[in-house]
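Observations on the three-dimensional arrangement
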Amino acid sequence: MAKLVFGMNQSLDGYVDHLELPPPGPALFRHWIEHVRDLTGSVYGRRIYELMRYWDEDRPEWSAEQHEFAAAWRRQPKWVVSRSLKSVGPNATLVEGDLDAAIRGLKARLVGEITVSGPDLARSLTDLGLIDEYRLYLHPVVLGRGKPFFAGPRPPLRLVASDRVDEDVIRLTYVPA
């Protein structure tokens, strides 16, 4: 059975605005390359999926590490939860209808880790009791506004690990209590 994990970069005050957070340093970017390479797949909300489509096509200005991340991202299966999209890109499946049944089906038939991307989607999956682990990548900035990591009331959680991922970023790992 697959494990469903919701994890994102966030500010110290709990916001996940990628445009406002500092760009990842070399150690954090390497962490994300290896993380994506090892995934069974990813479940995306529409907004973050459209943002991640940036990695669908190589760009000449990219570094070797960016090309490596893009290749890993393209290889992994993706499931996109959306009521407005009519189609999705390569190696992606549109999830429509019964979210609970679709995600329970993925968890039952796959093995490994499936990441969840997007706070609103994570809230829906939390409400359904489907998130197995939460990973908060804390950056040393305070934004004061933006999209919160937890889009609704925080579920009761238990800390199971804390790791320094790079010079300034700490990952806190929680499971439902």
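Residues numbered from 1 in each chain as written. Predicted model: local features only at pLDDT ≥ 70, side-chain atom pairs only at ≥ 80, totals over all residues. Heavy atoms only, no water.

1. Here we look at the environment of Glu113
With respect to the secondary-structure elements, Glu113 resides in strand β5 (residues 113-117). Assessed through its relative accessible area of 17%, Glu113 is described here as buried. Glu113 sits 75 residues away from Asp38 along the chain, and the two C-alpha atoms are 8.0 Å apart. A distance of 2.9 Å separates a polar atom in the side chain of Glu113 from a polar atom in the side chain of Arg135. (Helix = DSSP H or I, 4+ residues; strand = E, 2+ residues; numbered from the N terminus. Buried < 20%, exposed > 50% of the residue type's maximum accessible area, 1.4 Å probe, protein only. Polar contact = N/O pair within 3.5 Å; in protein donor to acceptor, adjacent residues only side chain to side chain.)

2. Some thoughts on the nonpolar core
Within the largest apolar cluster, 48 residues are counted, with the highest numbers of intra-cluster contacts made by Phe69 and Leu125. Element by element, the count of residues in this core is highest for helix α1 (residues 26-38), at 5 residues. Each residue touching Leu125, except ones within four places of it in the same chain, is listed here: Leu4, Leu99, Ile103, Val116, Leu130 and Ile131. (Core = buried A, V, L, I, M, F, W, Y, C linked by side-chain atoms within 4.5 Å. Contact = heavy atoms within 4.5 Å.)

3. What about the packing of aromatic side chains?
According to the stated counting rule, one finds 12 aromatic pairs in the structure shown. For the ring pair Tyr134 and Phe150, a centre distance of 5.8 Å and an interplane angle of 45° mean the geometry is tilted. Taken together, the positions of Tyr134 in strand β6 (residues 133-139) and Phe150 in the loop between β6 and β7 (157-164) put the pair 16 residues apart, joining distant regions of the chain. On the accessibility criterion, Tyr134 (2% relative accessible area) is buried. (Phe/Tyr/Trp six-rings, centres within 6.5 Å; stacked < 30°, edge-to-face > 60°.)

4. Focus on helix α3 (residues 64-75)
When the terminal C-alpha atoms of α3 are compared, their 17 Å separation across 12 residues agrees well with the 16 Å that a helix rising 1.5 Å per residue should span. Of the positions making up α3, those classed as buried are Phe69, Ala70, Ala72 and Trp73. Across the axial projection of α3, the buried residues extend over an arc of 165°, all falling on one side. Opposite the buried face of α3, at more than 90 degrees from it, the exposed residues are Ala64 and Arg75. Summarising the contacts, the buried residues of α3 are in contact with α1, β2 (41-45), α2 (46-52) and β3 (78-81). (Expected span 1.5 Å × (residues − 1). Arc of directions from axis to C-beta.)

5. Quick look at helix α4 (residues 99-109)
Of all the positions in α4, only Leu99, Ile103, Leu106 and Lys107 are classed as buried. What you see down the axis of α4 is that its buried residues fit within an arc of 95°, all on one side. Away from the buried face of α4 by more than 90 degrees, exposed residues Ala108 and Arg109 are located. Close packing links the buried residues of α4 with β1 (3-11), β2, β3, β5 and α5 (119-127).

6. A look at the pattern of salt bridges
Taken as a whole, this structure holds 14 salt bridges when the rule is applied. With a closest N to O distance of 2.3 Å, Asp56 and Arg53 form a salt bridge. Linked by salt bridges that have partners in common, Lys3, Glu113, Glu133 and Arg135 make up one network. (Salt bridge = Lys/Arg side-chain N within 4 Å of Asp/Glu carboxyl O.)

7. Describing unusual backbone geometry
Peptide bonds are trans in most cases, and residues, glycine excluded, mostly fall at negative phi. Located in the positive-phi region is Asn91, a residue other than glycine, with phi close to 60°. In this structure Asn91 comes out as partly exposed when scored by relative accessible area, which is 40%.

8. Some details on the sheet that holds strand β4 (residues 92-95)
Read from one edge to the other, the open sheet built from 8 strands follows the order β4-β3-β2-β5-β1-β6-β8-β7, with strand pairing classed as mixed. Each end of this open sheet is capped by a strand with a single partner; those strands are β4 and β7. For this sheet, the mean angle separating the axes of adjacent strands, direction not counted, is 25°. (Pairing = 2+ DSSP bridges. Axes fitted to C-alpha atoms, helices over the stretch in contact; angles between N-to-C directions.)

9. Side note on the layout of surface pockets
Approximately 1,500 Å³ is the volume found for the largest pocket. If you go around the largest pocket, you meet 50 residues; those closest to its centre are Met8, Ile48, Leu51, Ser117 and Gly118. Elements with a contribution of two residues or more to the lining of the largest pocket: β1, α1, β2, α2, α3, β5, α5 and β6. Tallied by class, residues from the lining of the largest pocket come to 26 nonpolar, 16 polar and 8 charged. (1 Å grid on protein atoms, 1.4 Å probe; cavity = no way out; pocket = protein on both sides within 12 Å on 5 of 7 lines; lining within 4 Å. Points joined across faces, edges and corners; volume = space filled by probe spheres on them. Nonpolar A, V, L, I, M, F, W, Y, C, P; charged D, E, K, R; others polar.)

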